[in-house]
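What follows is each chain in one-letter form.
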Amino acid sequence: MKKTKELMSKLFFMFVFIACLPTRMAHISEFDEVWQLRAANAKVEAERAYNPNPHNVTNNFNEHVRKTLQGVNGTRRYLGKHDGPCLATNPIDRCWRCRPNWAQNRKRLADCALGFGHKTTGGKDGKYYIVTDHTDNDMINPKPGTLRHAVIQPEPLWIIFGGPMVIRLSEELIMTSDKTIDGRGVHVHIVGGAGFTLQFVKNIIIHGIHIHDIKQGSGGMIRDSVDHYGFRTMSDGDGVSLFGATNVWLDHLSMRNCYDGLIDAIQASTAVTISNCHFTKHNDGLVQRMPRCRHGFFHVVNNDYTHWLMYAVGGSRHPTIVSQGNRFIAPPNRFAKEVTKREYSPESEWKNWQWTSENDLMMNGAFFVESGDLNKKGSYAQRDVITAKSGSYVTRLTRFSGVLRCIENIPC
């Protein structure tokens, strides 16, 4: 794990949420019948995935963490390189990591998601597709064997890589539904070009790749399925952009230095889990928006926040934020100790937003400004809700965040 003194590094364990935003058409130049149908189907999928009892989901996750940490001392330090036997320190990793046959049974990963995206299976029901070509030269007729060719296929696919690859995406990579991108066992870097676009799609897993130094795409004619392509305007420069996407799981990603955001989830993107990821150099360092929330229900749990420059968790437009078991280490700047920030709303409005902090560990003067009906805060810890593990356990839980070094026939 990176030392907490470093200003430009950060470990996330789990950030799960449901997000809803008003309609806009992103980078689609012509919203033709194909895109209209996709948008309509995405709305149906979002309504189907919506959970009217989000605390049941947070309860389930916290129970899994509790079982994983039974008998563990939360004050013990887990620093430095681990050279011993496989050590799965959180419930998602415990599901698959320490099995020596993980490479022969890659699709077991699809049974391991927790949080709001726990129903995500990606390409589990499909064949394997092996990416053998790192190039990305043809946006309209992608070459077979390339990542772009793989992600536009209509059927479910479990996409793996034939060897180490550095892929520069010439334009945004527009994915179709029911796909897994699995980088385990090789080093895969998406670098120096555009990022991923998950627009009006469902059931996507992206696991075990590096995404960094992402730029804006210039736009143009880009194929988005085997039977459709169209003109796209300039892309934002996000590492991974979710737009009307449902059932998405992003796990063990290492992300840094993207032109806009590392991950952007908007337009009613629903049932999303982001877990075991390592984020750094976001907003010219670790400045803000980790996350920034609008509308919806956000469960921010067991993350390690180290030395932000402005704030860590922000929001606007009346989101519900439940912060549980995180560690917040404030920067030296005495004017930036507050974890939270409400934007574009006066206190008379945001005082009614439900923002609560439970079992968070505040260090170096960090403080969380709660709001809403604080009597509800206790209801999160009643008989039907399992209390999150304290922020003192974060070092253990996040120890293996980011891309793992996996070797076939050896526990990962």
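Residues numbered from 1 in each chain as written. Predicted model: local features only at pLDDT ≥ 70, side-chain atom pairs only at ≥ 80, totals over all residues. Heavy atoms only, no water.

This brings us to the overall build of the protein. Secondary structure summary: the protein contains seven helices and 27 strands in total. Burial statistics for the protein: of 412 residues in total, 60% are counted as buried. In the protein, of all internal contacts separated by at least 6 residues, the share reaching a separation of at least 24 is 68%. (Helix = DSSP H or I, 4+ residues; strand = E, 2+ residues; numbered from the N terminus. Buried < 20%, exposed > 50% of the residue type's maximum accessible area, 1.4 Å probe, protein only. Contact = heavy atoms within 4.5 Å.)

What follows deals with the sheet that holds strand E18 (residues 278–280). Taken together, the five strands give an open sheet; going across it, the order is E4-E7-E10-E15-E18, and neighbouring strands pair in parallel fashion. With partners counted over all chains shown, the strands left at the sheet margins are strand E4 (165–167) and E18, one partner each. Ignoring which end each strand starts from, the neighbouring axes of this sheet average 10° apart. Pairing of E4 with strand E7 (residues 188–191), which is carried by three bridges, proceeds in the parallel orientation. (Pairing = 2+ DSSP bridges. Axes fitted to C-alpha atoms, helices over the stretch in contact; angles between N-to-C directions.)

A grouping of Met221, Tyr229 and Phe231 is seen on the molecular surface, where their side chains present a nonpolar patch of about 290 Å² in accessible area. Mapped onto the elements of the fold, Phe231 is located in strand E12 (residues 228–232). (Patch = residues over 30% accessible without salt bridge, like charges linked within 9 Å, V, L, I, M, F, W, Y side chains within 5 Å. Areas by Shrake-Rupley, 256 points an atom, 1.4 Å probe, with all protein chains shown as cover. Salt bridge = Lys/Arg side-chain N within 4 Å of Asp/Glu carboxyl O.)

Located in the positive-phi region is Phe200, a residue other than glycine, with phi close to 55°. Assignment of secondary structure puts Phe200 in the loop between strand E8 (196–199) and strand E9 (202–207). Overall, the relative accessible area of 10% leaves Phe200 in the buried class. Despite not being glycine, Arg317 has its phi angle at roughly 60°, a positive value. By the element assignment, Arg317 lies in the loop between strand E22 (313–316) and strand E23 (320–324).

This part covers the nonpolar core. Ranked by internal contacts, the top residues of the largest apolar core, which has 41 residues, are Leu147, Ile190, Phe196, Leu198 and Ile206. In this structure, Leu198 is in contact with Met175, Ile204, Ile206, Val240, Ser241, Leu242, Phe243, Ala245 and Val248, ignoring residues within four places of it in sequence. Residues Ala110, Cys112, Val301 and Tyr393 belong to the second largest nonpolar core, which totals 25 residues. (Core = buried A, V, L, I, M, F, W, Y, C linked by side-chain atoms within 4.5 Å.)

Attention now goes to the side chain of Thr246. Among the secondary structure elements, Thr246 is positioned in strand E14 (residues 246–251). Under the relative-accessibility criterion, Thr246 is labelled buried at 0%. Once residues lying within four places of it in the same chain are set aside, the contact partners of Thr246 are Ala42, Glu45, Ala46, Ala49, Val201, Lys202, Asn203, Thr270 and Ala271.

Under the counting rule described, the total for this entry stands at three disulfides. Across the disulfide from Cys86 sits Cys98; the S-S distance is 2.1 Å. When the S-S torsion is -80°, as for the bridge of Cys86 with Cys98, the disulfide is left-handed. In this pair, Cys86 sits in the loop between helix H2 (54–68) and helix H3 (91–94) while Cys98 sits in the loop between H3 and strand E2 (127–131), placing the two residues twelve residues apart along the sequence. Disulfide pairing is shown between Cys406 and Cys412; the S-S distance is 1.5 Å. Here the bonded cysteines of the protein are numbered in sequence order, and their pairing is 1-3, 2-4, 5-6. (Disulfide = S-S within 2.5 Å.)

Scanning all chains against the criterion turns up six aromatic pairs. When the ring of Phe200 is compared with that of Phe243, the centres are 5.4 Å apart and the planes differ by 75°; the resulting orientation is edge-to-face. Taken together, the residues span a long stretch of sequence, with Phe200 in the loop between E8 and E9 and Phe243 in strand E13 (residues 240–243) at a distance of 43 residues. Judged by its relative accessible area of 3%, Phe243 falls in the buried class. (Phe/Tyr/Trp six-rings, centres within 6.5 Å; stacked < 30°, edge-to-face > 60°.)

It is worth spelling out the pairing of E13 at this point. Here E13 shows two buried faces, one formed by Val240 and Leu242 and the other by Ser241 and Phe243. Across four bridges, E8 lies against E13 in parallel orientation. The residue bridging Leu198 from the neighbouring strand is Leu242, located in E13. Looking at chain direction, E13 and strand E16 (residues 263–266) are connected through four bridges and run parallel.

Before going further, it helps to examine the confidence of the model for the protein. The share of residues in the protein with pLDDT of 70 or more is 84%, and the mean pLDDT across the chain is 84. Counting interchain partners and residues more than four positions distant, the pLDDT-below-50 stretch residues 1–23 has 119 contacts. Below pLDDT 50 for its whole length, residues 74–79 participates in ten contacts with residues either more than four positions away or in separate chains. (pLDDT = per-residue confidence, 0-100.)

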